[in-house]
Every structure is written in structure tokens, then in C-alpha cells.
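# Descriptive structure summary
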Amino acid sequence: MHATPTPPGPAALGRLGPALAAAGAALGLWYALARSGAVAPGLLPTPGQTVAALADGARDGTLAGDLAASLARAGQGFALGALLGSALGFATGHLPWLSAAVTPLVSFLRPIPAIALVPLATAWFGIGETAKRLLIAYAVLLAVWLYVHDGVSRVPVTHLRAARSLGAPLHRRFAEVLLPAAAPALLAALRYGASVALLALVAAELGGAEAGLAYRLQVDGQFLRVDRMFAGLLVLGVLGVAVDLLLAAAGRRFAHWGPS
Amino acid sequence: MSRPVRIEGLAVGYGGSRRRPAAPVLERTDLDLPAGSFTALLGPSGCGKSTVLGAVAGFVRPTAGRITVAGVPVTGPGPDRGLVFQQYALFPWRTARGNVEFALKRLGLRRAERRTRALAALAEVGLAEGAEKYPAQLSGGMQQRVALARALAAEPDVLLLDEPFGALDALTRSRMQELLRGLWQRTGLTVLFVTHDIDEALALAERVVVLGGSPGRVLADHAVPPGPPDPGLRELVAAHLAAG
Ligand SMILES: Nc1ncnc2c1ncn2[C@@H]1O[C@H](COP(=O)(O)OP(=O)(O)OP(=O)(O)O)[C@@H](O)[C@H]1O
Ligand SMILES: [Mg+2]
């Protein structure tokens, strides 16, 4: 429950070792495959060519521009969706009558993939930024709502009863009981929501954009620049991992009593 | 301060609707708890002990009858009636001291004063050492000590306990019983203690009320004379319990 931070040194290296070894092996395999001629020429770049393409993008400014455009979209969409999703999750998780009214609707909307909504979003809002941000926000909202709802509805009733019998008014029961009790679920919801934001970002940009990581992938695809596409995928992967690590670190800081 | 509790014609049915009322869990239950008395509510599992306690606490709405504390009708939960549950009621994100301070916030004290009082309350239940520990770092008995300290810190008139020592081993249990007896004698609170353990009821209370039947009601009401345990009384209570 109260994990003491692992001191850097042999222990940390011991945990990192297998992961580094596997990454090294994958890199070697990739290199060998690209060099073996088993794949038609031009369809599989070597790791070196991928890094070179990445460096090219960094030098001519396209990488920074795409990154900025994508981060702004994903960030704004995520913020809006996470805010609304958390608020709704707290409301339906805490109020059974509201949940009974709203859950069937959410269960119907949730399985519809965000990609399927791209044409509709474009028809309604055009190909501008609004459509993309709203699409991402919508996808994040549904994901975060579900997780937060689940976490809040599992807050032990004895906690809330104890707070009421100790004379805590509504605002204290929310801020000092419901919020901390649901914090582990909230952080899990935000991590999941961030991954959904990335998915929705790609879907939104493939629907038409002027800059962005996924938009660049599409352009590079049209010119069969496989090395650049690999570089773009690499950036998307690193971005996803970085955001997740950041949120996980926040989780250890703010929800240390959680089950994970 | 201690105040009397009066339960008059209490009936409870869970669920159900206006058209189709639920089958009653409790029927026409009467119970008078004089100010400063210690009463054990004894009965088999499912007979409605927690329901009676929940009604006095204000969480369970009666379908009939009424409950008053010093003549004032109970309409919901309030800090005049302190609660100790069987387990899992401490806030796991707060230390032992933090849990007690939660109860003290109501009194509008300064931060330092709150801290001093919380530490004193923990010392009173024999937990001065563990004040900065989280519930997960405390044993079951220590957690219930914190729960007692927290309930008492809110300065209730009535203390309601629902099988508070049910999850503890025998030795810890008898230590906690001693602690509770001492706290009651010192504070003079009106105590209602729910248990399904005859020996616990007889060891702790001045009076043992046997609840039973379906729907539940009061089957027997015994005064427990002070002094060493009386095997005859135990047999009598056991017979009432078996009849329920
Ligand atoms: N929230 C509820 N909704 C529906 N039925 C309930 C609810 N709480 C209790 N009951 C039912 O009411 C009856 C009495 O329950 P109660 O919890 O008061 O019994 P108890 O004497 O405390 O039992 P135990 O010793 O097992 O704690 C049981 O049949 C139980 O199934
Ligand atoms: Mg019970």
C-alpha cells in the first residue's frame, strides 16, 4: 500500500534490465530484417534511416509544428472531456436515480467508435479545429465518465455514513471523503482518457487537417516516405508513454492508499 | 453529556413502493435507553439489530413509529449520535490523527488545538504511539481504537456500536471490551451495543435486550447485575436467543 520509492541502483537496474534487453533485441531484429532484403526495397527503413528522417523533420520545423498542433488539439479536447466526464461520473456514481436515467444512454453511445463520428463532426462543424477538439473531448468524456462513475459508486457507504454522523456538511463530504476515496479511480480514468485522446486525435486528423502528427503520417503515406512514417509512429508512441508515466507519477503522489 | 433514547413502535421495511410495501424487517419495537445506560442488543444474524441501530443513527427511515433523543425526534444522522462500525469505516487516506481531526473540525477549533485534542483522544484509547500511522499500517484492534477515539471526539450524547469487535481475535476483543467499559464509565454516555455474542453482551452491558423473530421484535429484556458472571442468567438469555 505504501510503496517506498525504489532507490536508484542495482535494484532499479535489475527491473530495467529485462526491458532494455528486449528493446535491444527488437531493435536488432528490425535492423536485420531491414537489411536482409526480405522486405521489398523502400518499404522498411532501418533504425538509422528512421532517426535520420526524425532529424530531418526536427531541422525543417515540421516536427515542431505537427507536435504543437497535435498537442494543442489533444490537450484541449482531453481537458474538456476529462472535466465533463469526471463531473458526470461523480454525479451518476453518487446518485443512483441519476445513474438509472443516464446509464442506458451511455451504454448505447459507448460502443460507437470515435472514428465513426468523424464524418458527422465534419458535416456539423467543418474541418476546422472545433470539430477535432469536440470529437476528442467526446471520446474522452465517455471513457472518463465510465471509470469515474465506477470508482465513485464503489466508495464504501460506511465512509459516507461515518462522515455524516460526524457532522460533516455536504461540501466537506465531497472534498474530504468522496474525492479522496475516488482519487485512485479518478487517476486511472485520466490515464485511460489520455490514451483515448490519442486515439481520437489520430482519427480526427485523418479526417482532414493542415498540420499534426497523424496528418503528417497521411501525407508521408501518399508519397510512400516510409522512413518518415516510421519516425511519426515513433513520436506518437513516445508521446503516449510520456503522458502515461506523468499521470502514473501523479497517481503515486495523490492516491497512495489506492489498491494499485 | 448523556441523553436518553426512546424507541416507540418502530417498524422498518426495506425497498418496496407505495403500491406494494416491502415485507417488514422490524415490527412494533419499543425500547427505552435511560441517559447514561449501557444496553446490549443481542440476536441471531438477520434479525434486525443493525436496522434498529441504523434507525437510531438516522440512516434507516422507519415505516412506522418514532425515535427521540431527549425528546427530540430523530430525522437524520447527526453528531449527537456517534457511530462505530464493525470495520472499514476509517478513512484510509488519513492517518489515525487525521481521522480524529476530521471529527474535531465541526467544533471550529484552531489547527494546533485540533491537533492537541486529537492526540489526547488517541492517548485515551491507548494509541499515542500510532498517531501518524495510516489505517492500513494498524492492526484490526488498533483501527477500532481509532474508530472509538474518532466517534468520541465529536462529543456525542449517545454512542452506537455495531459489532465493533466482531472481526477481532479473542484476546484483543476482551482488551477492547475493557477499554470500552472504562470509556463509558468515564464519559457516562448512553451506549447501545449490537452483538450476536452472548458472552460479550453479558460482559459489557448493564442490560441485555434479545431481538428475534421474523419480522424482528424484542423477545426478552434482562438486567445484568454487577459482579461475576451469572451462569443462570446466561442460560436464560441463551434460551430466549434460541427461541428467536
Ligand atoms: N439495505 C437493505 N435492503 C434490503 N434488505 C435489507 C437491507 N439491510 C438489511 N436488510 C434485511 O433486513 C433484515 C435485517 O437486517 P439487519 O442487518 O438489521 O440484521 P442484523 O441483525 O444486523 O444481522 P447481522 O447479525 O447479520 O448483522 C435481513 O433480513 C436483511 O436481509
Ligand atoms: Mg448487523
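Sequence positions are assigned chain by chain, starting from 1 and proceeding in written order. Chains and ligands are labelled sequentially in the order written, the chains with letters from A and the ligands with numbers from 1. With pLDDT at 70 or above as the cut-off, local features in this predicted model cover only qualifying residues; side-chain atom pairs require 80 or more to be listed or tallied, and sums for whole chains, interfaces and linings still use all residues. Hydrogens and water are ignored here; the side-chain numbers use all heavy atoms of the structure.

## Quick word on the side chain of asparagine 99 of chain B
Residue and element names in this part refer to chain B. Per the convention used, a helix needs a DSSP run of H or I reaching at least four residues, while a strand needs a run of E reaching at least two, with both numbered from the N terminus. When you line up the elements, asparagine 99 lands in helix H2 (residues 96–104). Under the scheme applied here, a residue whose accessible area is under 20% of the maximum for its type counts as buried, over 50% as exposed, and between as partly exposed, the area being computed with a 1.4 Å probe on protein chains only. Classification of asparagine 99 by relative accessible area gives buried; the value is 0%. Polar contacts, as used here, are pairs of N or O atoms within 3.5 Å; protein pairs need one atom able to donate a hydrogen and one able to accept it. Residues neighboring in sequence count only if both atoms are side-chain atoms. Within the structure, asparagine 99 has its side chain in polar contact with the backbone oxygen of arginine 94 (distance 3.1 Å). Of the polar contacts made by the side chain of asparagine 99, one reaches the side chain of arginine 150; its length is 3.0 Å.

## Details of the domain arrangement of chain B
Residue and element names in this part refer to chain B. What the domain assignment reports for chain B is domain 1 (5–80 + 157–243) and domain 2 (89–155). On a C-alpha basis, the centroid separation for the pair domain 1 and domain 2 is 25 Å. Whether two residues touch is decided by their heavy atoms; if any such pair falls within 4.5 Å, the residues are in contact. If you look at the interface, domain 1 gives 14 residues, while domain 2 gives 12 residues. Both sides together, the interface formed by domain 1 and domain 2 hides about 1100 Å², and carbon and sulfur atoms give 74% of it. Domain boundaries shown here were taken from an automatic or database domain assignment. Note: buried area is the sum, over both parts, of the accessible area (probe 1.4 Å) each one loses when the two are combined.

## A closer look at the site of ligand 1
All names here are of chain B. A cutoff of 4 Å decides nearness: a residue is near a molecule or strand if any of its heavy atoms lies inside that distance of it. The immediate surroundings of ligand 1 are formed by Tyr14, Val25, Pro44, Ser45, Gly46, Cys47, Gly48, Lys49, Ser50, Thr51 and Glu163. With respect to ligand 1, the backbone of glycine 46 contributes an N or O atom lying 2.7 Å from an oxygen atom. Only the protein chains shown count as cover for residues, and all accessible areas are computed by the Shrake-Rupley method using a 1.4 Å probe. The fraction of the free accessible surface of ligand 1 (640 Å²) that becomes covered by protein chains is 55%. Gly is put with the polar residues, along with every residue not named as nonpolar or charged; the nonpolar set is Ala, Val, Leu, Ile, Met, Phe, Trp, Tyr, Cys and Pro, and the charged set is Asp, Glu, Lys and Arg. Of the residues contributing to the shell around ligand 1, the split by class is 4 nonpolar, 5 polar and 2 charged.

## Notes on the packing of helix H8 (residues 170–206) of chain A against helix H10 (residues 226–254) of chain A
All names here are of chain A. For helices, the fitted axis covers only the stretch in contact; all axes are lines through C-alpha atoms, and the angles between them, taken along N-to-C directions, range from 0 to 180 degrees. Running from amino to carboxyl end, H8 crosses H10 at an angle of 170 degrees, the nearest separation of the two axes being 9 Å. Comparing the axis directions of H8 and H10 gives the class roughly antiparallel. The crossing of H8 and H10 is right-handed. Contact with H8, carried on its side by Ala183, Leu187, Leu190, Arg191, Ala194, Leu198 and Val202, involves Leu236, Leu239, Gly240, Val243, Asp244, Leu247, Ala248, Ala250, Gly251 and Phe254 of H10 and no other residues of that element. A class-by-class count of the residues in the contact of H8 with H10 yields 13 nonpolar, 2 polar and 2 charged. We call two directions roughly parallel when the angle between them is under 35 degrees, roughly antiparallel when it is over 145, roughly perpendicular when it lies between 65 and 115, and oblique otherwise. Here a crossing is called left-handed whenever its near helix is offset anticlockwise from the far helix by less than a right angle, and right-handed whenever the offset is clockwise.

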